[in-house]
Amino acid sequence: MLLLGSFTIVTILVTYYIASKERNPEIIIASVSIVAAFVVSVSFLIVRTFEELVHSNMLKTDFVSIASHQLRTPLSSIRWTLDLLLGNRTGELSSKQRGFVESIQDSNERMMDLVRDLLNVSRIDQGRLVLKRDKVELTNIVEDLIREMSAYAEANHITIALKKRPRKMNVLGDEQYIKMVLENLIDNAIRYSNKEGTIEVTITSKSNYVHVDVTDHGVGIPKNDQKHIFEKFFRSRNIMRQQTEGNGLGLFIVRAVVRGMKGRVGFTSKDSNGSTFWFELPLI
Amino acid sequence: MQKILFIEDEGALQKVVCEVLVQEGYKVTSALDGEKGLVEAKASHPDLILLDLILPKLDGFSVLEKLKADSDTRDIPVIVLTNLETAKDIEKILALGATTYLVKASYRLEDVVAKIKEVLS
């Protein structure tokens, strides 16, 4: 609109200049007509481009809504059907059958995680990530999550230790997304730890922020890869050699979510010597 | 025996939810589109309606609106089961009178059963 307005003013000035310099009325009429036709054509192009941009934005928004439903509905069907089977609600499964059904469940959960991450990335890219601003007690969330993830950690021969138990730490944020950030960091620490390793989760307060560290003693991040670590789809070369699971979206989402809650996120790491990922959220 | 009406167009989802609710001791009827859902709600007057939002013929928002506008069905609690989760959709569902909503992708089957029992208790 600014472009259109500026262009209109320039053409008015040019038309005035021609009219003031030229005495012949036919030339003045011809000049004004040419300028007017030019203004109308350019205006049409500008408005048309603007409409296409709006339409393209609407398609992106519709994509998120459509993908939410069309992708997640069949995956939800599979998940609940597997819950039915594994819950022995249709009769006891043999151990062989249970093994196969659990494999399908793992694959389905990976698909659901990927769809969830792609939808979050789409919302972030469009500036449509909506985060609640509720009072959230962070220490409880950390303790509960560590408890929930213990079985998964043990299956990978990893111990998770909560190193500090401070007083209650209240922050303003979205509980579901805070859990997602923590789960992401702890899951990464488990995946990239060496067997029989330990992960330490530490909660402290620094000025007006609560600071959470997640430390592993695993493969670390090579120096050349460190500047890319929060980019979409990036996975460090040493990680790709170790395992191919993982979609490279987790840390991109973590950073967007923490920043969206007015927090900070970062890491320190040495190749082959582990990493500490941290995030801070404002205390209330 | 308490009656539940499940309005959902995804066949596999209908099958598994109906199976588990029958096992839990409920009498279950179902409809594959919004129009049939409304007809069934008026005919059977269930104790609870589980309602999907993206439905053929008449979408879940319209079904909910009509249920709450009809004195015969206004007081039946409705749990919306959906994968739509924008703030706008949630506000609309609750403003139209849904008792609660569950985002399918965020819940396991047993969680859904627990929520149904909570609403019916």
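1. Notes on the overall build of chain A
- Counting its secondary structure elements, chain A contains seven helices and seven strands.
- Against the globule reference of 19 Å for 284 residues, chain A gives a C-alpha radius of gyration of 28 Å, more extended than a compact globule.
- Structurally, chain A occupies a C-alpha span of about 95 × 55 × 40 Å along its principal axes.
- In chain A, of all internal contacts separated by at least 6 residues, the share reaching a separation of at least 24 is 69%.
- Carbon and sulfur atoms form 57% of the exposed surface of chain A, whose accessible area is close to 16500 Å².
- Distance between charge centres in chain A, computed from 37 positive and 32 negative side chains, equals 4 Å.

2. Concerning unusual backbone geometry
- Residue S207(A) is not a glycine yet carries a positive backbone phi of 55°.
- The residue S207(A) is located in the loop between β4 (198–206) and β5 (209–216) in this model.

3. As for the interface of chain B and chain A
- Each partner contributes to the interface: chain B provides 24 residues, whereas chain A provides 18 residues.
- Between chain B and chain A, the buried area comes to about 2000 Å², and carbon and sulfur atoms account for 53% of it.
- For chain B, the biggest contributors to the area lost against chain A are N83(B), A105(B) and R108(B); these three give 27% of the whole.
- Put simply, chain B and chain A have four salt bridges between them.
- One salt bridge connects R108(B) with D83(A), and the closest N-O pair in it is separated by 2.7 Å.
- Of all the secondary structure elements, the ones that give two or more residues to the side of chain B that touches chain A are α1 (11–23) and α5 (109–120) of chain B.
- Ranked by residue count, the leading element in the side of chain B that touches chain A is α1(B), at seven residues.
- Its residues assigned to classes, the side of chain B that touches chain A shows 13 nonpolar, three polar and eight charged.

4. Some remarks on the sheet that holds strand β4 (residues 78–82) of chain B
Residues and elements named next belong to chain B.
- Strand order in the open sheet made by the five strands is β2-β1-β3-β4-β5, with parallel pairing throughout. The open sheet has two edge strands with one neighbour each: β2 (27–31) and β5 (100–103). Neighbour-to-neighbour, the strand axes of this sheet turn through a mean angle of 20°, independent of strand direction.

How each quantity is defined
Residues numbered from 1 in each chain as written. Chains lettered and ligands numbered in written order. Predicted model: local features only at pLDDT ≥ 70, side-chain atom pairs only at ≥ 80, totals over all residues. Heavy atoms only, no water. Helix = DSSP H or I, 4+ residues; strand = E, 2+ residues; numbered from the N terminus. Rg over C-alpha atoms; globule rule 2.2 N^0.38 Å. Contact = heavy atoms within 4.5 Å. Areas by Shrake-Rupley, 256 points an atom, 1.4 Å probe, with all protein chains shown as cover. Lys, Arg positive; Asp, Glu negative; His and termini not counted. Charge placed at Lys NZ, Arg CZ, Asp CG, Glu CD. Buried area = accessible area lost by both parts, 1.4 Å probe. Salt bridge = Lys/Arg side-chain N within 4 Å of Asp/Glu carboxyl O. Nonpolar A, V, L, I, M, F, W, Y, C, P; charged D, E, K, R; others polar. Pairing = 2+ DSSP bridges. Axes fitted to C-alpha atoms, helices over the stretch in contact; angles between N-to-C directions.

These figures capture arrangement, not role.
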